[in-house]
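Each chain, letter by letter, is given below.
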Amino acid sequence: MARTRTIRTETIVLRHQVFGEADRLLTMLTPNHGKLRAIAKGVLKPSSRKTGHLDLYMRVDVLLATGRNLYVVTQAQTIDAYRQLREDLVRSSYASCSVELLDSFTPDGESNIDLYWLLEKTLSRINASDNLPIIMRHYELHLLEMVGFRPELEFCLGNNEPIQPEDQYFDAIAGGVLCPSCGSGKRNVWPVSMDVLKLMRFLQRNAYSSIQNLSVRSKIAAELEKIQLHYITVQLERQLKSVDFLDRVRSLSNNSVDNTIRVVQTANQFE
Ligand SMILES: [Zn+2]
């Protein structure tokens, strides 16, 4: 009989689903073992010692035993609960977007320590800061760079010339900016204003500490979001489910009970 190996690691819970009677199948991100799947046995029983330590988006210290096909969680201890990510619907929707984005761009079992810490810091920012759209755009650009999809924003993809301070075009398929002479009249390219491009370049080049107090006009923020999500959709060849959900949460102008219930029900579909 094969000897059981164990791993102790910290981890972030990306996804979970009910598995059998009282078990959960978890998708977790770890610093050194990448993304992995693990069964948490009995976790849905109120008496389980693991209950409450393995909820969505939590940062947890776990002991994993290697099973035949899956890991099994044998111990779990919360490091950081990021409570607001489960209690505040808007923050929860942003957390869901950030996790789905990472999940979509990462294969199982491939270690990427930088990516782990990027997600950890991003969840902690979404949990505690209010500049949510900027946190998200900064995260998207840095994640894309870490997984090899960095959009080119400095040089024209058509003629390699440095981009001048004027309105440009964005080619999501080619993965970057086209100058006015290369981009005009070309199919499937989007115009991008100089203000938006400047902001995008600033976010791409800088660490979070330099951008955290940035205040951006809502028109610019909206255009930036459209461009970046368009780029992500084209590169993934599909839309992120959580983005649609976030849109609905944000568009709730009134907090009527009906709307809230409908949104919470949709939220549960992602579990
Ligand atoms: Zn050009």
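Here the structure is a predicted model, which means the values were calculated and not measured.

About the criteria used
- Residues numbered from 1 in each chain as written.
- Predicted model: local features only at pLDDT ≥ 70, side-chain atom pairs only at ≥ 80, totals over all residues.
- Helix = DSSP H or I, 4+ residues; strand = E, 2+ residues; numbered from the N terminus.
- Rg over C-alpha atoms; globule rule 2.2 N^0.38 Å.
- Buried ≥ 20, exposed ≤ 12 C-beta atoms within 10 Å, placed from the backbone.
- Contact = placed C-beta atoms within 7 Å.
- Expected span 1.5 Å × (residues − 1).
- Domains from an automatic or database assignment.
- Arc of directions from axis to C-beta.
- Pairing = 2+ DSSP bridges.
- Axes fitted to C-alpha atoms, helices over the stretch in contact; angles between N-to-C directions.
- pLDDT = per-residue confidence, 0-100.
- Core = buried A, V, L, I, M, F, W, Y, C linked by C-beta atoms within 7 Å.

Novice: Can you tell me about the overall build of the protein chain, naming the residues and giving the values?
Specialist: A count of helical and extended segments in the protein chain gives 10 helices and 8 strands. Taken over C-alpha atoms, the radius of gyration comes to 21 Å for the protein chain, in line with the 18 Å a tight globule of 271 residues would show. Along the first, second and third principal axes, the C-alpha atoms of the protein chain reach 65 × 50 × 35 Å. Residues counted as buried form 32% of the 271 residues belonging to the protein chain. In the protein chain, once contacts between residues fewer than 6 apart in sequence are set aside, the share between residues at least 24 apart is 55%.

Novice: An account of helix α4 (residues 132-146) is requested, with residue identities and associated values reported.
Specialist: A rise of 1.5 Å per residue sets the reference length of α4, with its 15 residues, at 21 Å; its end C-alpha atoms lie 21 Å apart and thus fit the reference within 8%. Among the 15 residues in α4, 11 count as buried, and that is most of the element. Of the positions making up α4, those classed as buried are Ile134, Ile135, Met136, Arg137, His138, Tyr139, Glu140, Leu141, His142, Leu143 and Leu144. Buried residues along α4 sit against α2 (89-105), α3 (113-128), α6 (194-205), α7 (208-211) and α8 (218-236).

Novice: Please set out the domain arrangement of the protein chain residue by residue, giving values where relevant.
Specialist: We note that the domain assignment places domain 1 (6-80) and domain 2 (84-151 + 186-268) within the protein chain. Just the C-alpha atoms count here: the centres of domain 1 and domain 2 sit 25 Å apart. Taken residue by residue, the interface counts 16 residues in domain 1 and 17 residues in domain 2. Put simply, the parts of the chain that give the side of domain 1 that touches domain 2 at least two residues each are β1 (6-19), β2 (23-30) and β3 (34-40).

Novice: Which residues make up helix α9 (residues 241-251), and what values go with them?
Specialist: Note on helix geometry: an α-helix contains 3.6 residues per turn, so any two residues three or four positions apart are oriented the same way. Looking only at α9, the buried set comprises Ser242, Phe245 and Leu246. For α9, the buried positions fall inside an angular range of 105° around the axis, keeping them on one side. Residues of α9 that are exposed and point over 90 degrees away from its buried face: Asp244, Asp247 and Ser251.

Novice: Please provide a residue-by-residue account of the pairing of β3, values included.
Specialist: Note: β2 against β3, 7 bridges, orientation antiparallel. Its bridge partner being in β3, Thr30 is matched across the sheet by Gly34. What sits between β2 and β3 in their antiparallel hairpin is a turn of 3 residues. Of the strand pairs in this sheet, β3 and strand β5 (residues 71-80) are connected by 2 bridges, and their pairing is parallel. Looking at β5, one finds that Ala38 is bridged to Tyr71.

Novice: Now, about the sheet that holds β1: what can you tell me, with residues and values included?
Specialist: The strand order around the closed barrel built from 5 strands is β1-β2-β3-β5-β4, with neighbouring strands paired in mixed fashion. Along the sheet, successive strands turn relative to each other by an average axial angle of 50°, direction set aside. Summarising the sheet, β1 and β2 pair through 7 bridges and their orientation is antiparallel. Bridging from a neighbouring strand, Gln17 pairs with Leu25 of β2. Strands in contact with α3 are β1, β2, β4 (59-66) and β5; relative to β2, the strand with the most contacts, it is inclined by about 110°.

Novice: Kindly report on the sheet that holds strand β6 (residues 168-171), identifying the contributing residues and their values.
Specialist: Pairing is antiparallel across the open sheet formed by 3 strands, whose spatial order is β7-β6-β8. The open sheet terminates on both sides in strands that have one partner only, identified here as β7 (176-178) and β8 (190-192). Each strand of the sheet is rotated relative to its neighbour by a mean of 45°, with strand direction disregarded. Of the pairings in the sheet, the one linking β6 to β7 comprises 3 bridges and is antiparallel in character. Looking across to β7, one finds that Tyr169 is bridged to Leu178.

Novice: Pulling in residues and values, what's your account of the confidence of the model for the protein chain?
Specialist: Looking at the protein chain, the pLDDT average stands at 90 and 92% of residues meet or exceed 70. Taken as a whole, residues 253-271 scores under 50 in pLDDT and shows 13 contacts with residues more than four places along the chain or in a different chain.

Novice: Break down the nonpolar core for me, citing the residues and quoting the values.
Specialist: Val13, Ala38, Leu54, Tyr57, Val73 and Leu119 are the most contacted members of the largest nonpolar core, which has 61 residues in total. With 7 residues, the single largest contributor to this core is α4. Of the residues that make up this core, three or more belong to each of domain 1 (6-80) and domain 2 (84-151 + 186-268). Contact partners of Leu54, with chain neighbours within four places excluded, come to Val13, Arg24, Leu26, Ala40, Val43, Val60, Val73 and Ala76.

Novice: Describe the environment of Gly148, and please don't skip the residues or the numbers.
Specialist: Topologically, Gly148 is positioned in the loop between α4 and β6. Accessibility expressed as a C-beta count within 10 Å gives 7 for Gly148, which makes it exposed. Considered as a pair, Gly148 and Phe105 are 43 residues apart in the sequence and their alpha carbons are 9.5 Å apart.

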